[in-house]
Amino acid sequence: MSRFGFEEMQAIQRELQEKYFDRWGGLPLEKGRDTLLWMLIEAGEAADIIKKRGDQPIVEDPEIRHHFVEELCDVMMYFNDLLLIYGITPEELEKVYREKHQRNMSRW
C-alpha cells in the first residue's frame, strides 16, 4: 500500500482548485482567513458527530465511521488549501513539525 502524504494531497487540491477556478476563484492570499474559518467549521462538524453519536460508534459502525472520516477529509482539504495559499511546502511543514515535536518531547 502506498503512503498518502501532503505532496499528493496538495496535488489533489491544486487539481480541484484548477477545475473550479471560475467558480471558486483559486487560492489568492486574501482567501486565507476564510479558508481557515471553513476548516474550523468542518472540524466542528466532525466534533458534532462525536457529540451526537459518541466515540464508540465511530469505531464500531461503518456508516458513522465513514461520515466521521469524510468530515476529517474536509478538514484536511481546507488545511491543504491553507498550505497552498501561504506557500507552505510539505518539506517546510515536516521541518517545523519535527522541531515542534522535539520541543514537546522535552517539556516536562
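What you are looking at is a predicted structure, and each value in this text was computed from that prediction instead of being measured.

> Can you tell me about the overall build of the chain, naming the residues and giving the values?
Counting its regular elements, the chain contains six helices and zero strands. Of the regular secondary structure in the chain, the N- to C-terminal order runs α-α-α-α-α-α. Projected onto the principal axes, the alpha-carbon positions of the chain cover approximately 45 × 40 × 35 Å. Residues counted as buried form 23% of the 108 residues belonging to the chain. Residue pairs at least 24 apart in sequence account for 67% of intrachain contacts in the chain once pairs closer than 6 positions are excluded. In the structure as shown, the chain presents an accessible area of about 8,700 Å², 57% of it carried by carbon and sulfur atoms. The positive charge centre, built from 15 side chains, and the negative charge centre, built from 22, are 6 Å apart in the chain.

> Quick one: what's the story with the side chain of Q17, residue by residue and with numbers?
Tracing the backbone through its elements, the reader meets Q17 in helix α1 (residues 6-19). There is a polar contact of 3.2 Å between the side chain of Q17 and the side chain of D81. Sequence-distant contacts of Q17, defined by excluding residues within four places in its chain, comprise W24, G26, L27 and D81.

> Any chance you could break down helix α3 (residues 32-53) for me, citing the residues and the numbers?
Between the first and last C-alpha of α3 there are 32 Å, a value that for 22 residues agrees with the 32 Å anticipated at 1.5 Å per step. Listed as buried for α3 are G32, T35, M39, E42, A46 and I49. With its buried residues spanning 90° around the axis, α3 presents them on a single face. In α3, the exposed positions angled more than 90 degrees off the buried face are occupied by R33, K51 and K52. Where α3 is buried, its residues contact α4 (56-60) and α5 (62-85). Looking at the residues trailing α3, positive phi occurs at G54, about 90°.

Cut-off values and rules
- Residues numbered from 1 in each chain as written.
- Predicted model: local features only at pLDDT ≥ 70, side-chain atom pairs only at ≥ 80, totals over all residues.
- Heavy atoms only, no water.
- Helix = DSSP H or I, 4+ residues; strand = E, 2+ residues; numbered from the N terminus.
- Buried < 20%, exposed > 50% of the residue type's maximum accessible area, 1.4 Å probe, protein only.
- Contact = heavy atoms within 4.5 Å.
- Areas by Shrake-Rupley, 256 points an atom, 1.4 Å probe, with all protein chains shown as cover.
- Lys, Arg positive; Asp, Glu negative; His and termini not counted.
- Charge placed at Lys NZ, Arg CZ, Asp CG, Glu CD.
- Polar contact = N/O pair within 3.5 Å; in protein donor to acceptor, adjacent residues only side chain to side chain.
- Expected span 1.5 Å × (residues − 1).
- Arc of directions from axis to C-beta.

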